[in-house]
Amino acid sequence: MKFLVLGSINLDMTFSVDHIVKKGETESSTGLTINAGGKGANQAASLAKAGSIVYFAGKLGEDGKWVLDTLSSFGADTTLSIIGKDERTGEAIIQLDKSGENCILLFPGGNRKFEEEEVKEIISHFDEGDYILMQNEINLLPVAFKEAKKKGMKIAFNPSPYEKILMDLPLEDVSLFFVNEVEAKEMSGYGKDAKGEEDFIAMGRILSSKYPDAIVVLTAGKHGAYAFEKAEYAYSPIVDYPVEDTTGAGDTFSGYFLKALTSGSSLKEALDISSIASGLAVSRKGAMGAMPYWSEVMDVYQKSI
Ligand code: RIB
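For every chain, the first residue of its written sequence is number 1, and the numbers climb from 1 along that sequence. Restriction of local features to residues with pLDDT of at least 70 applies here, the model being predicted, together with a cutoff of 80 or more for giving and counting side-chain atom pairs; totals for whole chains, interfaces and linings are based on all residues. Heavy atoms from the whole structure form the basis of all side-chain values; hydrogens and water molecules are not counted.

Chemist: Tell me about the site of the ligand, and name the residues and values.
Modeler: Near, as used in this document, describes a residue that has one of its heavy atoms within 4 Å of the molecule or strand being considered. Around the ligand, the neighbouring residues are Asn10, Asp12, Gly37, Gly38, Lys39, Asn42, Ala92, Ile104, Leu106, Glu137, Gly248 and Asp251. Between the ligand and aspartate 12, the relevant distance is 2.6 Å, taken from an oxygen atom to a side-chain nitrogen or oxygen of the residue. In the environment of the ligand, an oxygen atom lies 2.7 Å from a nitrogen or oxygen atom belonging to the side chain of aspartate 251. Relative to its unbound accessible surface of 280 Å², the ligand loses 96% to contact with the protein. Elements represented by at least two residues in the shell around the ligand include exactly β2 (10-16), α1 (39-49) and β8 (102-107). In this classification, the charged set is Asp, Glu, Lys and Arg, the nonpolar set is Ala, Val, Leu, Ile, Met, Phe, Trp, Tyr, Cys and Pro, and all remaining amino acids, among them Gly, are polar. Residues belonging to the shell around the ligand are distributed by class as follows: three nonpolar, five polar and four charged. Polar contacts here mean pairs of N or O atoms no more than 3.5 Å apart (in protein, one a potential hydrogen donor and the other a potential acceptor; neighbouring residues in sequence count only if both atoms are side-chain atoms). Using a 1.4 Å probe, accessible areas were evaluated by the Shrake-Rupley method; residue-level cover was limited to the displayed protein chains. Note on conventions: DSSP H or I runs of at least 4 residues are helices, E runs of at least 2 residues are strands, and numbering of each starts at the N terminus.

Chemist: Describe the packing of helix α3 (residues 116-123) against helix α4 (residues 141-151), with residues and values.
Modeler: Their axes nearest at 10 Å, the elements α3 and α4 cross at an angle of 30°. Classified by the angle their axes make, α3 and α4 are roughly parallel. Relative to α4, the crossing made by α3 is right-handed. Side by side, α3 and α4 meet where Glu116, Val119, Lys120 and Ile123 of the first sit next to Val143, Ala144, Glu147, Ala148 and Lys151 of the second. Of the residues contributing to the contact of α3 with α4, the split by class is five nonpolar, no polar and four charged. Axis angles are defined between N-to-C directions and span 0 to 180 degrees, where every axis is a line fitted to C-alpha atoms and, for a helix, only to the segment in contact. Any angle that is under 35 degrees is reported as roughly parallel, and any over 145 degrees as roughly antiparallel; angles of 65 to 115 degrees are reported as roughly perpendicular and all others as oblique. Crossings are classed by handedness, with left-handed meaning an anticlockwise turn of the near helix from the far one by less than a right angle and right-handed meaning a clockwise turn. Between two residues, a contact is recorded if the distance between any of their heavy atoms is within 4.5 Å.

Chemist: Tell me about unusual backbone geometry, and name the residues and values.
Modeler: Cis geometry marks the peptide bond from serine 160 to proline 161; its omega dihedral reads -5°. In the Ramachandran plot, leucine 140 falls in the positive-phi region, its phi being about 60° despite a non-glycine side chain. By the element assignment, leucine 140 lies in the loop between β9 (131-135) and α4. Partly exposed describes any residue whose relative accessible area lies between the buried limit of under 20% and the exposed limit of over 50%, with all areas from a 1.4 Å probe on protein chains only and scaled to the type maximum. The class for leucine 140 is partly exposed, based on a relative accessible area of 24%.

Chemist: Help me get a handle on the sheet that holds strand β11 (residues 174-180), residues and values and all.
Modeler: In this description, strands pair whenever DSSP reports at least two bridges between them. One open sheet accounts for eight strands, arranged β4-β1-β9-β10-β11-β12-β13-β14; its pairing is mixed. Each having just a single partner strand, β4 (54-57) and β14 (232-236) make up the two edges of the open sheet. Each strand axis lies, on average, 15° off the axis of its neighbour in the sheet, ignoring direction. Alignment of β9 against strand β10 (residues 154-158), held across five bridges, turns out to be parallel. If you follow methionine 134 over to β10, its bridge partner there is phenylalanine 157. Here helix α6 (residues 197-210) sits on the sheet and contacts β11, β12 (215-219), β13 (225-229) and β14; the angle it forms with β13, its principal contact strand, is near 30°.

Don't take any of this as a statement about function, it's just geometry.
What follows is the structure, encoded as structure tokens:
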């Protein structure tokens, strides 16, 4: 079984700041680093570092070739990615504050320039039972959903960044959702912000009954993570490492969860493993570069059981 991540690839321009800049304010940063990123590429990196057979297909310019090289150095196959001569690689302007929290502004670049034939060609390399993992940073998601379904692939979807139009996708074809609390609230139609366990469970249950064929994984930041499957759910608290940089924490979680679940772990085991992986990732700076390898995660996991 293979994984295809059809998704974004970005140059992450990370500005270290005292606080996230406010409207009308100018602030001088204390540092600038350029990291390999993009939700799609990050999730492919997480799957690769966890030991999966993963293909990453993104669209970018020559300026982002080093990001693809970084991704292949982690073990991902990037040969289905498209480097356009006149394309510019997507960019993310990230403000990273003293507590490790961030806010992100995106320039889509090549990420939103896929053509229909390109998407079809990429998906033609996969077979029934393979997984496709997508997020909302590329164009032509409806085409990708349709082609993946035709092939009998399993669809894993992370509706991030959330937009209302995503609800027009054939979401009943999804096997696995990765949602955070904002996405869960929007997609479930839950009338209030989540404050604690009761709200997270209520949102998850609504989504689970709306999409009964899917597993719904809800990551709730410092409140931990939940996984819902029909009437059942599992929970895992966060693994508390000192926070350096939360960029890519959710992406680490998604990749590890998919790897663990498809390797035979229960929902609870997959949540616990993924919580360790993302805890380790946030304790270091950067996105895909900060993600741990499977052996490091297993060392911590074995000691915890
Ligand atoms: O999920 C984190 C990622 O979101 C960053 O790497 C940035 O590129 C944006 O795509």
